[in-house]
Every structure is written in structure tokens, then in C-alpha cells.
Amino acid sequence: MTTEEWPTEWLRAVLGLAVLGVLDDAPAHGYAVAQRLAERGLGDVRGGTLYPLLGRLQDAGWVEGEWEPGSAGPGRKVFRLTPAGRRHLAEQGERWAAFCRTTGVVLSPSAASERTPR
Amino acid sequence: MSENPSTRHPRELATAADPAWVDAFVVELRLLGVPGDEIGEHLVVLDTHLRESGEAVDEAFGDPREYARSLAPGGGPAAAVDRSTVAMAVLALVGVVLVPAALGAVLDGTRVTVTLGGVLAAVLLGGAVAGLVLPGAPLLALLVRRRWVSLLLAPALVALGAGLVLLLPQVLVRVPAPLVLGAGAAAVLAGSVLLARAPADLVTAPGERASGGGGRLLGLLVLPVFALVACVPVLLVRLLG
């Protein structure tokens with residue numbers, strides 16, 4: 001998987017959906033979310049970016065947080081996708097994929113014209 | 001770690017972070033009106049993240065004030081000060097000003113003289129208190145973010161208040177001293193009750209419940225003690241004079 005650093009503007013646009021995507025696999029606590037994003041090639045997402053985003057996703061009703069009891073202390077907060085979050089991910093994920101295909105055509109017009117019959 | 005949230009410092013919830021960073025973060029969240037239990041959650045999440053990632057707090061979370069603002073961009077639910085807090089502040093101010101003024105007049109066997117300068121100084125003091133308790137606590141935020149302002153502001157307010165009293169001695173009204181003493185004592189009592197009944201809003205860890213027993217007793221005593229301290233110069237002047 002690439003470890004390339006993506007431009008901040010691109011990450012800002014897709015990070016919310018990417019977090020929903022990694023939580024769709026399994027619930028996770030904050031640092032595990034950051035690790036999964038890094039493993040999938042989005043690079044290092046700092047805590048200062050991740051937790052405010054998780055808060056906004058919770059406010060939107062797409063993610064819910066629950067405290068997992070620890071052996072000695074308050075434990076960890078585990079985030080999971082809600083049914084509304086799963087629907088949002090399916091709809092917006094499909095649109096994002098369509099956007100990427102469209103962007104690909106715009107950025108490589110010669111390849112597109114080869115595919116398009118005159 | 002201390003078990004009792006009323007005696008525990010918020011730093012103890014995030015021992016993996018630099019204490020100065022935690023202090024600045026907690027102060028900014030308080031200024032934004034974020035309740036204590038939410039602040040506790042943010043601290044535990046931060047602490048867990050730092051322990052698992054091995055990162056330094058400023059590397060992972062950046063500037064504490066900016067991070068606090070990103071967590072509560074529109075301010076927390078306690079950003080708007082409730083009517084009870086404003087009433088408590090006004091009663092405290094009225095009581096602590098009236099009781100020593102009336103005590104002096106009672107001891108001298110005179111009436112309490114209300115002068116133009118006295119009224120304007122009271123308005124000035126009221127403005128300062130409003131800056132501390134109104135939504136967003138603009139004056140409090142300024143004092144916390146610019147420490148040097150507090151060094152200048154306190155003497156400036158005292159000098160301005162004293163100047164108004166001395167330069168504008170025109171008498172507006174004379175009020176019987178026992179009446180003023182009774183009103184001041186009633187204001188101190190009512191303010192104390194409001195202060196003691198106010199929720200403690202302590203910084204608590206998730207799942208922890210705050211108990212405010214000691215805080216309530218302190219709340220009942222703090223205004224009478226302030227009023228008594230304000231009476232000391234009045235008594236000293238009469239004893240030594």
C-alpha cells in the first residue's frame with residue numbers, strides 16, 4: 001500500500017467517508033481508526049484531526065461512541081457505525097466512486113476519447 | 001490517582017500529556033462552556049490515544065486552544081450563562097458592597113449616604129462582573145488569554161472607582177442604615193443559597209459520578225466570609241481612629 005502523503009484538501013474531502021468505511025468493517029477505538037486509515041494508504045491522520053471529525057459524525061447520527069470498561073480506570077471509547085451511518089456510507093460511497101471515474105475522464109481526455117466511439 | 005473527582009486535578013485524567021498543555025486545553029474548554037463530564041471524556045480519549053500511539057501531545061493534537069475549539073466549534077451547552085448564575089453574581093455584589101457601607105453608618109449612628117460617584121463606581125463594578133458571567137465570559141476570556149491585562153485591570157478599576165467616589169461627592173439620597181444592613185445581609189444570604197445549590201460541574205472520568213458535598217458547604221460560607229472581610233477596614237478605621 002502506498003505511503004504517499006496526499007494533499008490536505010483531498011483528505012479533507014474524503015476523510016469523513018473513509019472513517020465511516022473503516023468502521024463499517026468493525027467497531028474501533030480512535031487510535032485503531034487512525035491505524036486502519038494508515039494501513040489503507042491514507043497516511044497518518046493526527047488525533048487533532050480525527051477526534052473532532054468523530055465528534056461531528058456522532059452529532060450527525062452516523063457514528064455512536066460507547067465506553068468499553070477498562071481493568072483499572074475508565075477504559076476506551078469504542079466507535080461503531082449506526083444504521084443511518086451505514087446508509088449514508090452506501091449512498092455517498094457510490095457517488096464518490098462515480099466522481100472518481102468522472103475525474104479520471106476529465107484528467108485523461110485522450111484515454112476517454114479512445115474509449116468513446118465517434 | 002485520586003478517587004474523588006472533587007479533589008482530583010483534571011491533569012490526573014491525562015497523565016500521558018504535558019501538564020501545561022492539559023491546563024490550557026481545560027481552560028479553553030471551560031471558556032467555551034463545555035461541561036465537566038465532557039471535558040473528562042476528552043481527556044481520557046486523549047490520554048488513551050497518546051499511550052497507544054506513543055506520540056507527544058503537541059505532535060498528535062497540536063495547539064491546545066485550537067484543538068479545544070475544534071471539539072466545540074459552536075461552544076458547549078454551558079456557554080450561555082443561566083439566570084441563576086447572573087442572579088447569584090448580582091446578589092453577591094450587592095451584599096458585599098452594602099453590608100460594610102451600612103455597618104459603618106450603624107456604628108456612627110448616621111444614615112447611609114448614596115453619592116453620584118458611589119453609584120457610578122457600583123455601575124463600573126457591575127460592568128466588570130457582567131464581563132465575567134455573561135455568555136462567553138468576554139472579560140474572563142481576556143484575563144486568561146492575556147495575563148498581563150489582569151495586572152493592569154485590577155489597579156485601574158480600583159483607581160477609577162476611588163476617583164469617581166472622591167470627585168463626585170454629590171449626595172443623591174440618604175437611607176436608614178439598618179434598612180441597608182438588612183438588605184445587604186439578605187442579598188448575601190440569598191446569593192449563598194444560590195451558590196450552594198448550583199451544580200458543581202466537576203471534571204469527571206466517564207461513568208464517574210461527582211458528589212458536591214464539600215462544595216456546597218464552601219458555597220454557603222464563601223459570601224458571608226467575603227462580606228466579613230469587606231467589613232474589616234470599616235471596623236479598623238473606627239477602632240484606630
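Our subject is the structure that appears above.
Calculation criteria
By convention here, each chain's residues receive numbers from 1 onward along its written sequence. Throughout, the order in which chains and ligands are written sets their labels, letters from A for the former and numbers from 1 for the latter. For a predicted model such as this one, the threshold for reporting local features is a pLDDT of at least 70, and the threshold for listing and counting side-chain atom pairs is 80 or more; totals across whole chains, interfaces and linings nevertheless cover every residue. Just so you know, side-chain values use all the structure's heavy atoms and leave hydrogens and water out. All axes here are fitted lines through C-alpha atoms, helices being fitted over the stretch that makes contact, and every angle between N-to-C directions spans 0 to 180 degrees. The way it works is that DSSP assigns letters per residue, a run of H or I at least four long becomes a helix, a run of E at least two long becomes a strand, and they are numbered from the N terminus. Just so you know how the angles are binned, under 35 degrees is roughly parallel, over 145 roughly antiparallel, 65 to 115 roughly perpendicular, and the rest oblique. Should the near helix be turned anticlockwise from the far one by less than a right angle, the crossing is left-handed, and should it be turned clockwise, the crossing is right-handed. The criterion used for residue contact is that any of the two residues' heavy atoms lie within 4.5 Å. Ten residues, namely Ala, Val, Leu, Ile, Met, Phe, Trp, Tyr, Cys and Pro, are considered nonpolar, four, namely Asp, Glu, Lys and Arg, are considered charged, and the remaining ones, Gly among them, are considered polar. Salt bridge criterion: a side-chain nitrogen from Lys or Arg within 4 Å of a carboxyl oxygen from Asp or Glu. When accessible area is computed with a 1.4 Å probe and restricted to protein chains, residues below 20% of their type maximum are described as buried, those above 50% as exposed, and intermediate ones as partly exposed.

1. Concerning the packing of helix α1 (residues 8-25) of chain A against helix α4 (residues 83-107) of chain A
Residue and element names in this part refer to chain A.
Alright, step 1. Packing of α1 against α4 brings their axes to within 10 Å, and their N-to-C directions diverge by 125 degrees. Between α1 and α4, the interaxial angle falls into the category oblique. Relative to α4, α1 is oriented so that their crossing is left-handed. When α1 is examined against α4, the residues A13, V14, L17, L20, G21 and D24 are found in contact with a partner set consisting of G85, R86, H88, L89, Q92, G93 and W96.
Alright, step 2. When the residues that make up the contact of α1 with α4 are grouped by side-chain class, the tally is 6 nonpolar, 5 polar and 2 charged.

2. Regarding the pattern of salt bridges
Between side chains of opposite charge, pairing is possible as soon as their charged atoms come close.
Alright, step 1. Tallying each qualifying case throughout the model produces 12 salt bridges over all chains.
Alright, step 2. The salt bridge partner of R76 of chain A is E68 of chain A, with a shortest N-O separation of 4.0 Å.
Alright, step 3. Given a relative accessible area of 37%, E68 of chain A falls into the partly exposed group.
Alright, step 4. A salt bridge links D23 of chain B to R11 of chain B; the nearest nitrogen and oxygen atoms lie 2.5 Å apart. Remark: R11 of chain B occurs in the segment before α1 (19-31) and D23 of chain B occurs in helix α1; sequence separation between them is 12 residues.
Alright, step 5. Taking the relative accessible area as the measure of exposure, R11 of chain B reaches 35% and is therefore partly exposed.
Alright, step 6. Residues joined by salt bridges that share partners form a network here, namely R46 of chain A together with E55 and E59 of chain B.

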